[in-house]
Amino acid sequence: ASMIKAGKRANALNIPVILDPVGVGATPFRFQSAKKLLEEVHFSIVRGNMAEIKVIAGLEAERAGVDSLEEEVDGVNIAKTLAQTLKSVVAITGKVDIISDGVVCYEISNGDIALTRLTGTGCMSSSLVGSFVGASGQPLLSTLAGIATMGIAGEMAAKASHGLGSFKIALMDSISLLNVEQLRQN
């Protein structure tokens, strides 16, 4: 109830709202909660892995808890169609990140396999997108910038680390030190 109230208030004030439907298909409660939120609140951006986005789109999805077991087959069409349906920017994060506003679709190939082995990187991506959209108010550009930032920081962290423990620290360092020039170069 509090999320719906906050979302409606943000909508009324024209403040962007982001949905990260973590494990939406893992339990009936998560699915019903996400469904209710989508019925009551307009989300500027919806970001999830392929399984989460497929569940939101009403498609069958293979998953293990909050993790996607889905291949990124037909991701461009799924993202574009769901973006049109929701009138939102949709981001599917995975080996290749897919971002669409329902008209155009972008694919981002930055990142490192270690990002898939560290819990919370999807949530971190959503936080980065939220930071960018809070500063710019531009959902599509902000989603591209946030997702690209995570991928580029993941690549930088992989070069600076020696395992998942040091990768986690290097990832946070890379995000905090990333600058506009590094984003442009990558």
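Our subject is the structure listed above.
Since the structure is predicted, the reported quantities are computational estimates derived from the model, not experimental observations.

## Focus: helix H4 (residues 75–86)
Alright, step 1. For H4, with 12 residues, the first-to-last C-alpha span of 16 Å sits near the 16 Å given by 1.5 Å per residue.
Alright, step 2. Taken together, the buried positions of H4 are Gly75, Ile78, Ala79, Leu82, Ala83 and Leu86. Looking straight down H4, one finds its buried side chains confined to an arc of 125 degrees; they lie on one side.
Alright, step 3. Next to the buried residues of H4 lie helix H2 (28–40), strand S2 (45–49), helix H3 (50–56), strand S5 (89–93) and strand S6 (97–100).
Alright, step 4. Lysine 87 occupies a position one or two residues after H4 and carries a positive phi of about 55 degrees.

## Points about the pattern of salt bridges
Alright, step 1. By the definition in use, this model includes four salt bridges.
Alright, step 2. When the shortest N-O distance is used, the salt bridge between lysine 8 and glutamate 40 registers 2.8 Å. You can see lysine 8 sitting in helix H1 (residues 2–12) and its partner glutamate 40 sitting in helix H2, a full 32 residues away along the chain.
Alright, step 3. Lysine 8 gets classed as partly exposed once you look at its relative accessible area, which sits at 40%.
Alright, step 4. Measuring nitrogen to oxygen at the nearest pair gives 3.1 Å for the salt bridge that ties arginine 47 to aspartate 20. You can see arginine 47 sitting in strand S2 and its partner aspartate 20 sitting in the loop between strand S1 (18–19) and H2, a full 27 residues away along the chain.

## Some thoughts on the sheet that holds S1
Alright, step 1. Spatially, S1-S2-S5-S6-S7 is the arrangement adopted by the five strands of the open sheet, whose pairing is mixed. In this open sheet, the two strands that pair with only one neighbour each are S1 and strand S7 (105–108).
Alright, step 2. Pairing of S5 with S6, which is carried by three bridges, proceeds in the antiparallel orientation. Residue isoleucine 92 lies in a different strand from S6, and its bridge partner there is isoleucine 98.
Alright, step 3. Against the sheet, helix H5 (residues 121–136) makes contact with S1 and S2, and its axis sits at roughly 160 degrees relative to S2, the strand it touches most.

## Looking at the pairing of S2
Alright, step 1. Buried residues dominate S2, accounting for five of its five residues.
Alright, step 2. Pairing of S1 with S2, which is carried by two bridges, proceeds in the parallel orientation. Along S2, the bridge assignment pairs isoleucine 18 with isoleucine 45.
Alright, step 3. Two strands pair when backbone bridges link them, and S2 and S5 are joined in this way by five bridges, in the parallel orientation. Bridged to valine 46 within S5 is valine 90.

## Quick look at the packing of H5 against helix H7 (residues 164–177)
Alright, step 1. Close contact between H5 and H7 brings their axes to 13 Å; oriented N to C, the two are set at 10 degrees. Relative to H7, the element H5 lies roughly parallel. Contacts between H5 and H7 involve Thr121, Met124 and Leu128 from the former and Leu171, Met172 and Ile175 from the latter.
Alright, step 2. Its residues placed into classes, the contact of H5 with H7 shows five nonpolar, one polar and no charged.

## What to know about the pairing of S5
Alright, step 1. In terms of burial, S5 is largely enclosed, as five of its five residues are buried.
Alright, step 2. Of the two faces of S5, the one carrying Val89, Ala91 and Thr93 and the one carrying Val90 and Ile92 are both buried.
Alright, step 3. The hairpin formed by S5 and S6 contains three residues between the paired strands.

## So, the packing of helix H6 (residues 139–160) against H7
Alright, step 1. Where H6 meets H7, the closest approach of the two axes is 8 Å, and the angle between their N-to-C directions is 130 degrees. Considering their axes alone, H6 and H7 lie oblique with respect to each other. In this structure, H6 meets H7 at a crossing whose hand is right-handed. Where H6 approaches H7, its residues Met150, Ala153, Gly154, Met156, Ala157, Ala158 and Ala160 are matched on the opposing element by Phe167, Ala170, Leu171, Ser174 and Ile175.
Alright, step 2. Per-class residue counts for the contact of H6 with H7 are 10 nonpolar, two polar and no charged.

Reading guide: rules and limits
- Residues numbered from 1 in each chain as written.
- Predicted model: local features only at pLDDT ≥ 70, side-chain atom pairs only at ≥ 80, totals over all residues.
- Heavy atoms only, no water.
- Helix = DSSP H or I, 4+ residues; strand = E, 2+ residues; numbered from the N terminus.
- Expected span 1.5 Å × (residues − 1).
- Buried < 20%, exposed > 50% of the residue type's maximum accessible area, 1.4 Å probe, protein only.
- Arc of directions from axis to C-beta.
- Contact = heavy atoms within 4.5 Å.
- Salt bridge = Lys/Arg side-chain N within 4 Å of Asp/Glu carboxyl O.
- Pairing = 2+ DSSP bridges.
- Axes fitted to C-alpha atoms, helices over the stretch in contact; angles between N-to-C directions.
- Parallel < 35°, antiparallel > 145°, perpendicular 65-115°, else oblique.
- Nonpolar A, V, L, I, M, F, W, Y, C, P; charged D, E, K, R; others polar.
- Left-handed = near helix turned anticlockwise from the far one by under 90°.

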